Amino acid sequence: MKQYLLDSFAFNDFANKKLLQKILQLPDKAVCIRLFSHLINSQYKWMARIQQNEAAPGMSWWDPVYELHELENEWNKSLQLWVQFIAGKTTGEL
């Protein structure tokens, strides 16, 4: 199960980085930036909920909306939280 989850996050990373490349080519990027920001915020919020962080209930699914040049870095940070979390657990703990 652990390797399956890590592989799933790796594939998700690959697919979303390809999506980011396409977003850069769009004439009107606003909606896509908002939706991609939502993906990032959701990863942050779900991790906070799993870790029972007291701030989790107040975290938004939709805000902040990141700037275009911030998306890849924020994506990488939100993804790394998950990869580290999964890598640090045994299959039984997961």
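Each remark here, short or long, concerns the structure printed above.
Calculation notes
- Residues numbered from 1 in each chain as written.
- Predicted model: local features only at pLDDT ≥ 70, side-chain atom pairs only at ≥ 80, totals over all residues.
- Heavy atoms only, no water.
- Helix = DSSP H or I, 4+ residues; strand = E, 2+ residues; numbered from the N terminus.
- Buried < 20%, exposed > 50% of the residue type's maximum accessible area, 1.4 Å probe, protein only.
- Contact = heavy atoms within 4.5 Å.
- Areas by Shrake-Rupley, 256 points an atom, 1.4 Å probe, with all protein chains shown as cover.
- Lys, Arg positive; Asp, Glu negative; His and termini not counted.
- Charge placed at Lys NZ, Arg CZ, Asp CG, Glu CD.

A separate point is the overall build of the protein chain. Helix and strand content of the protein chain: three helices and zero strands. The helix and strand sequence of the protein chain, counted from the amino end, reads α-α-α. Seen through its principal axes, the protein chain has C-alpha atoms that stretch 45 × 30 × 15 Å. Within the protein chain, the proportion of its 94 residues that are buried is 28%. Considering only residue pairs separated by 6 or more positions, the protein chain has 68% of its internal contacts joining residues 24 or more positions apart. By element, 57% of the accessible surface of the protein chain is carried by carbon and sulfur atoms, the whole surface being about 6300 Å². For the protein chain, the distance from the average position of its 10 positive side-chain charges to the average position of its 10 negative side-chain charges is 4 Å.

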